[in-house]
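Residues per chain are reported as follows:
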Amino acid sequence: MRPLITRRHALAGLVVTSLAGGRAARADEPKRLIGVIEEDPPFFNPAVSSGISSFVAGAPCYSALTRMSLDGKIGGDLAESFEISPDGLTYTFELRPNVVWHDGHPFSAEDVKFSLGQVNSKLHPYHGAMNAIAAFEAPDANTFVLRLKHPQASLISTLGNFSGCILPRHIWEGKDAARDPHNKQPIGTGPFKFVEYVAGDHILYKRNDKYFLPDKTGFDELMFRIIPDPGSRIAALQNGEVDMIYSSAIPATEVARIGKFRGIKLKFTKVQTAGYQAYINMRNPPFSDRRVRQALAHTIDRAFIRSTVFPGLSENMIGPVPPTSPLHNKALADYALDPAKANALLDEAGFPRKADGTRFELRYVYGANDLPAAKIGDIMSRNLAGVGIKVIARPLDRGAWIQVAFTNNEFDMTSASFSLGPDPDVGIERFYNSNNIFNIVGVNNSKYINPEVDKLFDEQRVQTDFAKRKAIYDRIQEIVWNDIPVFPYCTYTLPGAFNGEVVSGIFDGEASNREDFAFAKPVKG
């Protein structure tokens, strides 16, 4: 028997019994896979948001042209096959026939043309690579064509579900894709159909029996329990109340302990490298001064952060591109932990100590449920106090954090985890190109403007020769690392965790927080 979950979940279809610690099983009971999500998602729509909870909530419902495997290879999803012309300017996708939306409406190339052309390429934070597209064409119902202005090596990486999920044209055309109610009532072509969302409690889906891929899921239902408290999430996994937790919902400090739980398996991937980093708000002094930002880099003890917040799971990150990328500039020198150097830079910048020993305040804003951000704030407060900078920490719930930091820009530093791959054009450029200064999460929220960097991004994008592209990216990294508008604490990889006695066939893609559970199977007892 598997442990009982709450009464409200029982009302959603679970059977309550008097057996202590048991989640009852009956022959006529649906096979249900239960996961956990750490917050109420603001959207269930991966076409307009890069937020992890938004993607996790929407991924089971939606599909994309392509799908990436655990080893980073790109294959077809809605596209049965695809071909890129030798000059890199034409992408032709042959779509699977007889695919239908969850409401029974037939899927066609017109849906792809509408979604990529009118929504993803305009609203998704990862849309940068799609700027190379000159035309979105649907010559017939089962053929979709992209025509490019210039070659774009990273484009194919953006056409998976995380940034290229396809929306139904008949539902979304003429709607405000950022505000329409269907953002929380998803209708897709994915392996599961949306059933209900109970705020603060759960999201429930049922299997899409008309799903287009073979070897489809063996579960009748999928449920995500909403559990903001990290300790409660881990206890739920240990007690058998949930079957799996994706990486972003697992505290890094708990990974080793989770790996010892009975029946629990951990699955890592380095395809989608994540970085924990902070935006530094360059809109106002003193943080508009490069010397002040460099002083922060010489003061914050990143090695201690790596060893205590991400023990055994992180690497040092020197520059904006992670060390796992072939485009990483290995020649960059790190900012040494050197408070004396920091003090000299702050004096030089014109911010002397006052009578009380302080120079100025730093408003540190972060998500209240973001455990690494809270721990980093504590470390950073002690570090910066030594050079006369007083940190004012302000934890906020996710909605308020987004409003304060990214809509109102009322912060000096704000920390979070961000995907940095699979290509820098997808995961990195968005933070530094001045074309990406918007009041949404996950773009150039520092308001960093450097015309030379913008020009270099344009130049590397058209390169088909790797060595030439890397030379340009090396220069980009030199400039950005000197300007340091974004402060990288580290790059890290967290696993997805699941009960191997209950489920197989999950977390086999590019990242566990990009899972749609299309191939999940119950483990036969």
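For the structure itself, consult the block above.
**Regarding the sheet that holds strand β5 (residues 90-95)**
Thinking step 1. The strand order across the open sheet built from four strands is β4-β5-β7-β6, with neighbouring strands paired in antiparallel fashion. Strands at the two margins of the open sheet, each flanked by one partner only, are β4 (79-84) and β6 (133-140). If you compare each strand with its neighbour and ignore which way they point, the axes differ by 15° on average.
Thinking step 2. Of the strand pairs in this sheet, β6 and strand β7 (residues 143-148) are connected by five bridges, and their pairing is antiparallel. Counted as the bridge partner of Ala-135 is Arg-147 from β7.

**Remarks on the packing of aromatic side chains**
Thinking step 1. Across all of its chains, the model carries 29 aromatic pairs by this definition.
Thinking step 2. A ring pair is formed by Tyr-279 and Phe-418, whose centres lie 5.4 Å apart and whose planes are at 70°; its orientation type is edge-to-face. Taken together, the residues span a long stretch of sequence, with Tyr-279 in strand β13 (residues 274-280) and Phe-418 in strand β17 (residues 413-419) at a distance of 139 residues. Across the pair, exposure class does not vary: Tyr-279 and Phe-418 are buried alike.
Thinking step 3. When the centroid spacing of 5.4 Å and the interplanar angle of 75° are considered together, the rings of Phe-418 and Phe-431 count as edge-to-face.

**A few points about the nonpolar core**
Thinking step 1. By size, the foremost hydrophobic cluster in this structure holds 120 residues, and its most contacted members are Phe-93, Phe-144, Leu-146, Tyr-364, Met-413, Tyr-489 and Phe-517.
Thinking step 2. Ignoring sequence-local partners within four residues, the contact set of Phe-144 consists of Leu-65, Tyr-91, Thr-92, Phe-93, Leu-95, Ala-109, Val-112, Lys-113, Leu-116, Phe-136 and Glu-137.
Thinking step 3. By size, the runner-up hydrophobic cluster in this structure holds 29 residues, among which are Val-404, Val-441, Val-453 and Val-480.

**Describing the environment of Phe-507**
Thinking step 1. Inspection of the secondary structure assignment puts Phe-507 in the loop between β20 (503-504) and β21 (521-522).
Thinking step 2. For Phe-507, a relative accessible area of 3% corresponds to the buried category.
Thinking step 3. Separated by 256 residues in the primary sequence, Phe-507 and Pro-251 place their C-alpha atoms 17 Å from one another.
Thinking step 4. Among residues more than four places away in sequence, those in contact with Phe-507 are Leu-70, Met-244, Ile-245, Tyr-246, Lys-267, Gly-496, Ala-497, Phe-498, Ser-512, Glu-515 and Phe-517.

**Regarding the environment of Arg-430**
Thinking step 1. Positionally, Arg-430 belongs in the loop between α13 (424-427) and α14 (451-461).
Thinking step 2. Note on Arg-430: relative accessible area 3%, which makes it buried.
Thinking step 3. In contact with Arg-430, other than residues within four places in its own chain, are Ser-50, Pro-125, Tyr-126, Phe-418, Ser-419, Asn-436, Gly-442, Val-443 and Asn-444.
Thinking step 4. Reaching out from Arg-430, the side chain makes a polar contact with the backbone oxygen of Gly-427 at a distance of 3.3 Å.
Thinking step 5. In this structure the side chain of Arg-430 is engaged in a polar contact, spanning 2.8 Å, whose partner is the backbone oxygen of Gly-442.

**Considering the sheet that holds strand β9 (residues 202-207)**
Sheet strands associate in pairs through backbone hydrogen bonding, adopting either a parallel or an antiparallel arrangement.
Thinking step 1. Ordered by their spatial adjacency, four strands build an open sheet running β1-β10-β9-β8, and the pairing between neighbours is mixed. The two strands at the open ends of the sheet, each matched to only one other strand, are β1 (32-37) and β8 (192-198). In this sheet, adjacent strand axes meet at a mean angle of 20° when their direction is disregarded.
Thinking step 2. Sheet analysis places β9 next to strand β10 (residues 221-226), joined by five bridges and oriented antiparallel. Considered in β10, the bridge of Ile-203 is made with Phe-224.

**Quick word on unusual backbone geometry**
Thinking step 1. Following Pro-285, the chain continues into Pro-286 via a peptide bond in cis, with omega recorded as 5°.
Thinking step 2. For Pro-286, the position within the fold is in the loop between β13 and α8 (290-299).
Thinking step 3. Notably, Phe-517 is not glycine yet its phi reads approximately 60°, a positive angle.
Thinking step 4. Tracing the sequence through the fold places Phe-517 in the loop between β20 and β21.

Conventions we followed
Residues numbered from 1 in each chain as written. Predicted model: local features only at pLDDT ≥ 70, side-chain atom pairs only at ≥ 80, totals over all residues. Heavy atoms only, no water. Pairing = 2+ DSSP bridges. Helix = DSSP H or I, 4+ residues; strand = E, 2+ residues; numbered from the N terminus. Axes fitted to C-alpha atoms, helices over the stretch in contact; angles between N-to-C directions. Phe/Tyr/Trp six-rings, centres within 6.5 Å; stacked < 30°, edge-to-face > 60°. Buried < 20%, exposed > 50% of the residue type's maximum accessible area, 1.4 Å probe, protein only. Core = buried A, V, L, I, M, F, W, Y, C linked by side-chain atoms within 4.5 Å. Contact = heavy atoms within 4.5 Å. Polar contact = N/O pair within 3.5 Å; in protein donor to acceptor, adjacent residues only side chain to side chain.

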